[in-house]
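# Fold and geometry: a report
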Amino acid sequence: MDPLRTIAEDGAAVLVLDQTRLPADEAHVRLGTLAEAAHAIRSMQVRGAPLIGATAAYGVALALAEGRSLEESLAVLAATRPTAVNLHWALERMRRALSGLPEGGLTTAAWREARAIAAEDAAANAAIGRHGLALLDRPRDGRRPLQVMTHCNAGWLATVAHGTALAPIYAAKDSGLPVHVWVSETRPRNQGLLTAWELARAGITHTLVADNAAGLLMMQGRVDCVIVGADRIAANGDTANKVGTYLKALAAKAHGVPFYVAAPLSTVDFDCPAGDRIPIEERDGAELGAPPGVPVGNPAFDVTPAALIAAFVTERGIISPSHLFRAKS
Ligand code: MRU
């Protein structure tokens, strides 16, 4: 498997990097059935909105090869995780591609469509990297590297390839722009460790900080911009991303730090008018690691209002929140 790709297949099974074992172990898991694909998404062996979408698309192909119906496979996969709209976008695309096809050609067509979804995600993210570089490559105090803050993991691990929020950072490194990344830990699942692992592999300087350090670093003028990914962007630009994103956006606004969201257009839910309509996943409280008996709540995402977002970095270029709706094709 390509070392910087998260998902591969041979027309019979799908191979993914098991992210629940990173960064300690680089292990792959083979998905051969609908149940295995659904489990991989639910248990976060695969995670990140674009990768969840691609895995779900392959899950449909696996299900049809098992002799299950299209409707059953779409329903099982749609129930895995609620917030990342790429999941529903990919399933809807599979439904459109497969509906009305003769029974005999369904499985082959499903593999073909899933492959197209995966290839398009990789291409979209590469374009995000190119467009995002223009935001980073600005005149600044030449004595120090550009200081970028990110939250969660929106690198290649969270996509088929290249990443979203990290794609411009990789592009900056490739173009010789000195860059340092503040990586927030991202409690409770610690996806910041995945980001640190990616950046270390790429030779990009970075520092892992506790989530709550972000405000101080911005107040001290040690952050030039924030770039995060997204799980669902409403038509008005309100953006759901990993819980903790909103607090970073508030701190960025308070300190005049530009706050960017990098995402492919498959993450925009044009049917969702505003952020208060985005379903927020509530995960098992055990993830917080509190002693038994402590009441816990564990919302996995939050919503950043469009007013706090300087721009979206998409495969079609830089788009301001007020112009997002025009990107609907
Ligand atoms: O719960 P996760 O790890 O799937 O959440 C991931 C995020 O919130 C990412 O920032 C988002 O999906 C963008 S990934 C390119």
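The present account deals with the structure reproduced in this document. (Residues numbered from 1 in each chain as written. Predicted model: local features only at pLDDT ≥ 70, side-chain atom pairs only at ≥ 80, totals over all residues. Heavy atoms only, no water.)

### Some details on unusual backbone geometry
- Cis geometry is adopted by the peptide bond preceding P23, which originates at L22 and carries an omega value of 0°.
- Its location among the elements puts P23 in the loop between strand 2 (14-17) and strand 3 (28-31).
- Of the consecutive residues R187 and P188, the connecting peptide bond is found in the cis state with omega at 5°.
- Topologically, P188 is positioned in the loop between strand 5 (179-184) and helix 7 (191-202).
- Even without being glycine, C152 reaches a positive phi, approximately 65°.
- Mapped onto the secondary structure, C152 falls in the loop between strand 4 (146-150) and helix 6 (167-174).
- For C152, a relative accessible area of 7% puts it in the buried group.
- In this model, T186 sits at a positive phi of 70°, which is unusual for a non-glycine residue.
- When you line up the elements, T186 lands in the loop between strand 5 and helix 7. (Helix = DSSP H or I, 4+ residues; strand = E, 2+ residues; numbered from the N terminus. Buried < 20%, exposed > 50% of the residue type's maximum accessible area, 1.4 Å probe, protein only.)

### So, the packing of helix 2 (residues 49-65) against helix 3 (residues 70-78)
- It is the contact of helix 2 with helix 3, at a shortest axis distance of 9 Å, that shows an interaxial angle of 145°. Pair helix 2 / helix 3 crosses with right-handed handedness. Note on element contacts: helix 3 touches helix 2 through L70, S73, L74 and L77, opposite A56, G59, V60, A63 and L64.
- The residue makeup of the contact of helix 2 with helix 3, split by class, is 7 nonpolar, 2 polar and no charged. (Axes fitted to C-alpha atoms, helices over the stretch in contact; angles between N-to-C directions. Left-handed = near helix turned anticlockwise from the far one by under 90°. Contact = heavy atoms within 4.5 Å. Nonpolar A, V, L, I, M, F, W, Y, C, P; charged D, E, K, R; others polar.)

### With respect to the sheet that holds strand 9 (residues 239-242)
- Read across the open sheet, the 4 strands follow the order 11-8-9-12; overall the sheet is mixed. In the strand order of this sheet, the two ends are held by strand 11 (268-269) and strand 12 (301-304), each with one partner.
- Sheet topology note: the strand 8 (residues 232-234)/strand 11 ladder contains 2 bridges and is parallel. Within the sheet, the bridge partner assigned to A234 lies in strand 11 and is D269. (Pairing = 2+ DSSP bridges.)

### Considering the site of the ligand
- Near the ligand, the surroundings consist of 19 residues, among which R47, R81, D231, N241 and K242 are the closest.
- The separation between an oxygen atom of the ligand and a polar side-chain atom of R47 is 2.5 Å.
- Calculation on the ligand without its partners gives an accessible area of 410 Å², and the protein chains cover 100% of this total.
- At the level of elements, helix 2 and strand 9 are the ones that each hand at least two residues to the shell around the ligand.
- Split by residue class, the shell around the ligand holds 8 nonpolar, 7 polar and 4 charged.
- Counting only domains with at least three residues in the shell around the ligand, you end up with domain 1 (7-122) and domain 2 (134-328). (Near = heavy atom within 4 Å. Polar contact = N/O pair within 3.5 Å; in protein donor to acceptor, adjacent residues only side chain to side chain. Areas by Shrake-Rupley, 256 points an atom, 1.4 Å probe, with all protein chains shown as cover. Domains from an automatic or database assignment.)

### Describing the environment of A251
- Along the polypeptide, A251 turns up in helix 9 (residues 245-254).
- On a C-alpha basis, the gap between A251 and M219 in space is 8.2 Å, while along the polypeptide they are 32 residues apart.
- Beyond its immediate sequence surroundings of up to four residues, A251 is in contact with G215 and M218.

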